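Chain by chain, the residues:
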Amino acid sequence: MSRSPFDPSEVDGGLDPRDPAVEEMERYATIASDQAPGNLADRVMSAVAAEPTPRRGLLAWLVTPPSAGRPFARFARVTALAATIVLAVAGALYAGELARLVRDFGVGSSPRPSPSITESFEPSPSESVSPTPSVSPVESESESPEQSGAPGSSAPTATPRQSTSQPSPTGSPDESKSPTPSQTPDETDIPSPTPA
Amino acid sequence: MAQVAWHDGRVDDRSLVDTVLDGDRDAFRILVEREQVAVYRACLRILGRPHDAEDVAQESFVMAYRALGSYRGDGPLGGWLMRIATRHAFRRLGQRRDAAELNPEIGLSAPGSDPLTALLSGERERAVRLAVAGLREPYREVVALRFFGELSLDDIASATGRPLNTVKTHLRRGLERLRADLGREAAA
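This is a predicted model, so every value here is computed, not measured. In this convention, every chain numbers its residues from 1, walking through the sequence in written order. Key to labels: chains lettered from A, ligands numbered from 1, both in the order written. Two thresholds apply to this predicted model, a pLDDT of at least 70 for residue-level local features and 80 or more for giving and counting side-chain atom pairs, whereas whole-chain, interface and lining totals are computed over all residues.

Draft legend 1. Focus on the overall build of chain A. Each helix is a run of H or I in the DSSP string that is no shorter than four residues. Each strand is a run of E no shorter than two, and both are numbered from the N terminus. A count of helices and strands for chain A gives 11 helices and zero strands. Taken from N to C terminus, the helices and strands of chain A fall in the order α-α-α-α-α-α-α-α-α-α-α. Whether a residue is buried, exposed or partly exposed is read from the other C-beta atoms within 10 Å of its own C-beta, which are placed from the backbone; 20 or more gives buried, 12 or fewer gives exposed, and intermediate counts give partly exposed. Considering chain A as a whole, with its 196 residues, one finds that 14% of them fall into the buried category.

Structure (structure tokens):
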């Protein structure tokens, strides 16, 4: 470590060597230059003898006892550490909750998260069961309507028989013109989108 | 335990610190004996009273011992220690100013002169001390480390972790404010 008298040119932009502040500080620095008391090192070492061996790194910062003039240093230190931990946990929870919300909205087929969709979404597991059997009769009807009538339920089998045997004018145009596969999407569209 | 060759006087700071951290308390004495004059002198310049300066210097060494594990070794150990000491001295000065000062300070420069000269000298030195202590941070720290601790600007930059140009700017602004404060004091 180098100790040298002040040179006014060492500051940013330079200073006048006869600057009153510099002169005053230099004069004060030269007059107050006493030697250290002879027993200072012994006093320090006897005080250090009562201290535990210092620790390294962050542990040193945590376990260093507060100084005599700062009785609240330990309290402030522990409070700062606790606040940091609480903020970190709260941030992690918030981030997790945010991620969960994003994931929930991302799974839905509709891009707009509105309450109406959320309501129609909830019964979807129960209602998704009912459209599923209707798919199999429809597919079987396209191949052979007679075979599909035997194992199928009453409601789906009645509809193909009407459409195939009687092209009634009172029926809906969709039912009369198009075969049953066109009805199946209509039924599934009404309750809810098909779940995965 | 690592053995350091104390006798040659060229022990580098990092080895000294590592030896102390390994449990060799006697290694700390090397640091105390090497830095005690500078630390005591800086404390005396800040506080103006030899007894207070001795107490603060001792406490600063003990504080440095406790915090030795946090020394990163990116600057001279003397600068790191001087920063602890000047901060502690200013803190003590603040506490002392809060309390009533019953005894006027005797001039440090005139121990054997006549009472009037000693009193005038003491008043002048007190004005300098109070003007430096009244500076805002970081100007106060830089001015104190440079003039009271007699550190070079490079050492101040290392000890404070600030760029050298920033230290230069802080010193310049600190001296400018000091000039204004001392001029106001002289006019009063």
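Next comes the rest of the description.
Draft legend 2. Geometry of the overall build of chain B. Within chain B one finds eight helices and zero strands. Burial statistics for chain B: of 188 residues in total, 46% are counted as buried. Think of it this way: build a C-beta for each residue from its backbone, and any pair within 7 Å is a contact. Within chain B, counting contacts between residues at least 6 apart in sequence, those at least 24 apart form 61% of the total.

Draft legend 3. Highlighting the nonpolar core. Residue and element names in this part refer to chain B. Val-39, Cys-43, Ile-46, Ala-57, Met-82 and Val-143 are the most contacted members of the largest nonpolar core, which totals 66 residues. When residues of this core are assigned to their parent elements, the largest contribution, 12 residues, is made by helix H2 (residues 26–47). The contact partners of Cys-43, leaving out residues within four places of it in the chain, are Ala-53, Val-56, Ala-57, Ala-85 and Ala-89. For our purposes the nonpolar core covers buried Ala, Val, Leu, Ile, Met, Phe, Trp, Tyr and Cys residues that link as a set through C-beta atoms within 7 Å.

Draft legend 4. Region of the structure containing helix H5 (residues 115–133) of chain B. All names here are of chain B. Helix length check: H5 (19 residues) gives 26 Å between terminal C-alpha atoms against 27 Å at 1.5 Å per residue, within 8%. For H5, every residue scored as buried is listed here: Glu-125, Val-128, Arg-129, Ala-131 and Val-132. Looking down the long axis of H5, one finds its buried residues gathered within 165° of arc, a one-sided arrangement. Across H5 from its buried face, at more than 90 degrees, point the exposed residues Pro-115 and Leu-116. Between the first and last residue of a helix there are one fewer steps than residues, each counted as 1.5 Å, and that sum is the expected span. To be clear, the arc concerns the directions from the helix axis to the C-beta atoms.

Draft legend 5. Fine view of the environment of Val-32 of chain B. Within the element layout of this structure, Val-32 of chain B appears in helix H2. In this structure Val-32 of chain B comes out as buried when scored by C-beta crowding, with 23 C-beta atoms within 10 Å. When the C-alpha atoms of Val-32 of chain B and Leu-81 of chain B are compared, they prove to be 10.0 Å apart, with 49 residues separating the residues in sequence. Aside from chain neighbours lying at most four places away, what touches Val-32 of chain B is Ala-41, Val-44 and Met-45 of chain A together with Phe-61 of chain B.

Draft legend 6. A look at unusual backbone geometry. Residue and element names in this part refer to chain B. Each neighbour pair has its own omega, and for Glu-137 with Pro-138 the value is 10°, a cis peptide bond. Along the chain, Pro-138 turns up in the loop between H5 and helix H6 (139–148). Unusually for a residue other than glycine, Glu-150 sits at a positive phi of about 55°. Turning to its location among the elements, Glu-150 is positioned in the loop between H6 and helix H7 (153–160).

Draft legend 7. Structural detail: the environment of Ala-157 of chain B. Residue and element names in this part refer to chain B. The topology assignment puts Ala-157 in helix H7. Ala-157 gets classed as buried once you count the C-beta atoms within 10 Å, which come to 20. Ala-157 sits 15 residues away from Val-142 along the chain, and the two C-alpha atoms are 9.1 Å apart. What Ala-157 contacts, discounting residues up to four positions off in sequence, is Arg-162, Pro-163, Leu-164 and Val-167.

Draft legend 8. Geometry of the environment of Leu-164 of chain B. All names here are of chain B. Residue placement: Leu-164 occurs in helix H8 (residues 164–187). Taking the number of C-beta atoms within 10 Å as the measure of exposure, Leu-164 has 13 and is therefore partly exposed. Separated by 11 residues in sequence, Leu-164 and Leu-153 place their C-alpha atoms 6.9 Å apart. If near-sequence neighbours (up to four positions away) are discounted, Leu-164 is found in contact with Leu-153, Asp-154 and Ala-157.

Draft legend 9. Representation of the confidence of the model for chain B in the model. Residue and element names in this part refer to chain B. Every residue is assigned a pLDDT by the predictor, reflecting its confidence on a scale from 0 to 100. Taken over all residues, the pLDDT of chain B has a mean of 81, while the share at 70 or more is 82%. Looking at the elements of chain B, mean pLDDT is at its lowest for H5, recorded as 80, and at its highest for helix H3 (residues 50–66), recorded as 91. In the model, residues 1–10 has pLDDT below 50 throughout and makes 14 contacts with residues more than four positions away in sequence or in other chains. The ipTM for the predicted assembly is 0.78, set against a pTM of 0.60.

Draft legend 10. Region of the structure containing H2 of chain B. Residue and element names in this part refer to chain B. Compared with an ideal rise of 1.5 Å per residue, which puts 22 residues at 32 Å, H2 spans 29 Å between its outermost C-alpha atoms and is within 8% of the ideal. Note on bend: the value at a residue is the angle between axes fitted to the seven residues ending there and to the seven starting there. Most pronounced at Glu-35, the bend in H2 amounts to some 55°. Along H2, 16 of the 22 residues are buried, which leaves the element largely enclosed by surrounding structure. One or two positions beyond H2, positive phi appears at Gly-48, with a value near 80°.

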